[in-house]
Amino acid sequence: MPRIFITGSTDGLGRAAAGALIGAGHDVVLHARTRERAAALSDLAPHAAGVVIGDLASAAETRELAGQVNQIGPMDTVIHNAGVYLEPSRAATAEGHAKTLAVNTLAPYLLTALIDRPDRLIYLSSGLHHAAAGSLRDIDWTRRSWNAAQAYSESKLHVIALALTLARAWPEVLSNAVDPGWVPTKMGGPYATGDLEMGYLTQTWLAVSNDAAATVSGGYWYHRQQQAPAPQTRDPAFQDQLMDRLAALTGVALL
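Here's what I pulled together on the structure shown here. (Residues numbered from 1 in each chain as written. Predicted model: local features only at pLDDT ≥ 70, side-chain atom pairs only at ≥ 80, totals over all residues. Heavy atoms only, no water.)

**Things to note about the overall build of the protein**
What the protein contains, in helices and strands, is 7 helices and 8 strands. Its C-alpha radius of gyration of 17 Å places the protein within 12% of the 18 Å reference for a compact globule of 255 residues. The dimensions of the protein, computed from C-alpha atoms along their principal axes, are 45 × 40 × 40 Å. Counting the 255 residues in the protein, one finds 54% classified as buried. Put simply, 69% of the contacts in the protein that link residues at least 6 apart link residues at least 24 apart. (Helix = DSSP H or I, 4+ residues; strand = E, 2+ residues; numbered from the N terminus. Rg over C-alpha atoms; globule rule 2.2 N^0.38 Å. Buried < 20%, exposed > 50% of the residue type's maximum accessible area, 1.4 Å probe, protein only. Contact = heavy atoms within 4.5 Å.)

Written out as structure tokens, the structure reads:
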């Protein structure tokens, strides 16, 4: 059975995806930010292939997390699910990065670079990426006045561009991005109107299905249907500029 690693699997879409995949008999490696948060996995952990711990706001812990995953063994699929939404301030991390950028963009980039290459990669994005300016001049918000919604939108533009970059650069890997919709999770809030089940079933389908429709690369998905992402995400020049910027910010070259 495929072995799947899911970041941010203590609640919300990540936990729902993990539960569905474990229920279907798959080997799932769970992730929690801290040991305290891992207690929320007490029902899933006995049936999982492992639980790894690390705060994605920390580059050091993210690197260590990749090592924990590699020690368990090769993954067939990695679902980059973890994320933060509207941070009230730039909230610099230990490395000095904006927390939104660190968790939503730099951590998936680092994990992709450091985890042994899987067969499939899935990155959770958002339809809000269409509102991103797309400029790479100040992605770490060191010069601009903080705008939480803009920072979130930009981070989700970045991860789509990352997914599509890898689809181009790694033809042997199926790399896709997913918009789960506005769903009633802790992040989405109780008034969200989206379909929670469809929000996570697209990830699980892309993670393990051998259907012809699911075994494609370079897609941006919403409820198992491909959508058109912002044009910048498909632009090789923009993709290359983003990879250069992320390599400079993390000290790790992915390509």
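**Regarding the sheet that holds strand S6 (residues 174–178)**
An order of S3-S2-S1-S4-S5-S6-S7-S8 is seen for the 8 strands of this open sheet, with the pairing classed as mixed. Looking at the sheet topology across the chains shown, the edges are occupied by strand S3 (50–53) and strand S8 (225–226). Pairing of strand S2 (residues 27–32) with S3 involves 4 bridges; the strand directions are parallel. Bridged to alanine 32 within S3 is isoleucine 53. Here helix H1 (residues 12–23) sits on the sheet and contacts strand S1 (3–6), S2, strand S4 (77–80) and strand S5 (120–124); the angle it forms with S1, its principal contact strand, is near 165°. (Pairing = 2+ DSSP bridges. Axes fitted to C-alpha atoms, helices over the stretch in contact; angles between N-to-C directions.)

**Brief notes about unusual backbone geometry**
With the exception of glycine, the majority of residues adopt a negative phi angle, and the majority of peptide bonds are in the trans configuration. A positive phi angle, close to 55°, is found at tryptophan 141, a residue other than glycine. Within the secondary structure, tryptophan 141 is located in the loop between S5 and helix H5 (148–169). Among the residues examined, tryptophan 141 registers a relative accessible area of 6% and is labelled buried. In the Ramachandran plot, histidine 223 falls in the positive-phi region, its phi being about 50° despite a non-glycine side chain.

**Section: a nonpolar patch on the surface**
Among the surface-exposed residues, Tyr85, Leu86 and Leu128 lie close enough to one another that they form a single nonpolar patch of about 250 Å² accessible area. Summarising the element assignment, leucine 128 is placed in the loop between S5 and H5. (Patch = residues over 30% accessible without salt bridge, like charges linked within 9 Å, V, L, I, M, F, W, Y side chains within 5 Å. Areas by Shrake-Rupley, 256 points an atom, 1.4 Å probe, with all protein chains shown as cover. Salt bridge = Lys/Arg side-chain N within 4 Å of Asp/Glu carboxyl O.)

**A few points about the packing of aromatic side chains**
Enumeration according to the criterion identifies 3 aromatic pairs in this entry. When the centroid spacing of 5.3 Å and the interplanar angle of 65° are considered together, the rings of tryptophan 141 and tryptophan 146 count as edge-to-face. Their ring planes at 80° and their centres at 5.3 Å tell us that tryptophan 205 and tryptophan 221 sit as a pair that is edge-to-face. Here tryptophan 205, found in helix H6 (residues 196–208), pairs with tryptophan 221, found in strand S7 (residues 220–222); they are 16 residues apart in sequence, far enough to count as distant. Taken as a pair, tryptophan 205 and tryptophan 221 share a single burial class, namely buried. In this arrangement the basic side chain of arginine 117 is found over the ring face of tryptophan 170, its NZ or CZ atom lying 3.7 Å from the centre. One cation-aromatic arrangement involves arginine 144 over tryptophan 141; the distance from NZ or CZ to the ring centre is 3.6 Å. (Phe/Tyr/Trp six-rings, centres within 6.5 Å; stacked < 30°, edge-to-face > 60°. Lys NZ or Arg CZ within 6 Å of the ring centre and 35° of its normal.)

**Some details on the packing of helix H3 (residues 59–72) against helix H4 (residues 99–114)**
Closest axis-to-axis distance for the H3/H4 pair is 9 Å, and the angle between their directions is 35°. Where H3 crosses over H4, the two elements pack in a sense that is right-handed. Taking contact as the criterion, the partners of Ala59, Thr62, Arg63, Leu65, Ala66 and Asn70 in H3 are, on H4, Ala107, Leu110, Leu111 and Leu114. Each residue belonging to the contact of H3 with H4 can be placed in one class, and the counts come to 7 nonpolar, 2 polar and 1 charged. (Left-handed = near helix turned anticlockwise from the far one by under 90°. Nonpolar A, V, L, I, M, F, W, Y, C, P; charged D, E, K, R; others polar.)

**Here we look at the packing of H4 against helix H7 (residues 236–250)**
Packing of H4 against H7 brings their axes to within 10 Å, and their N-to-C directions diverge by 95°. Taken as axis vectors, H4 and H7 run roughly perpendicular relative to one another. Together, Leu101, Thr105, Leu106, Tyr109 and Leu110 of H4 and Met243, Leu246, Ala247, Leu249 and Thr250 of H7 make up the contact between the two elements. Residues belonging to the contact of H4 with H7 are distributed by class as follows: 8 nonpolar, 2 polar and no charged. (Parallel < 35°, antiparallel > 145°, perpendicular 65-115°, else oblique.)

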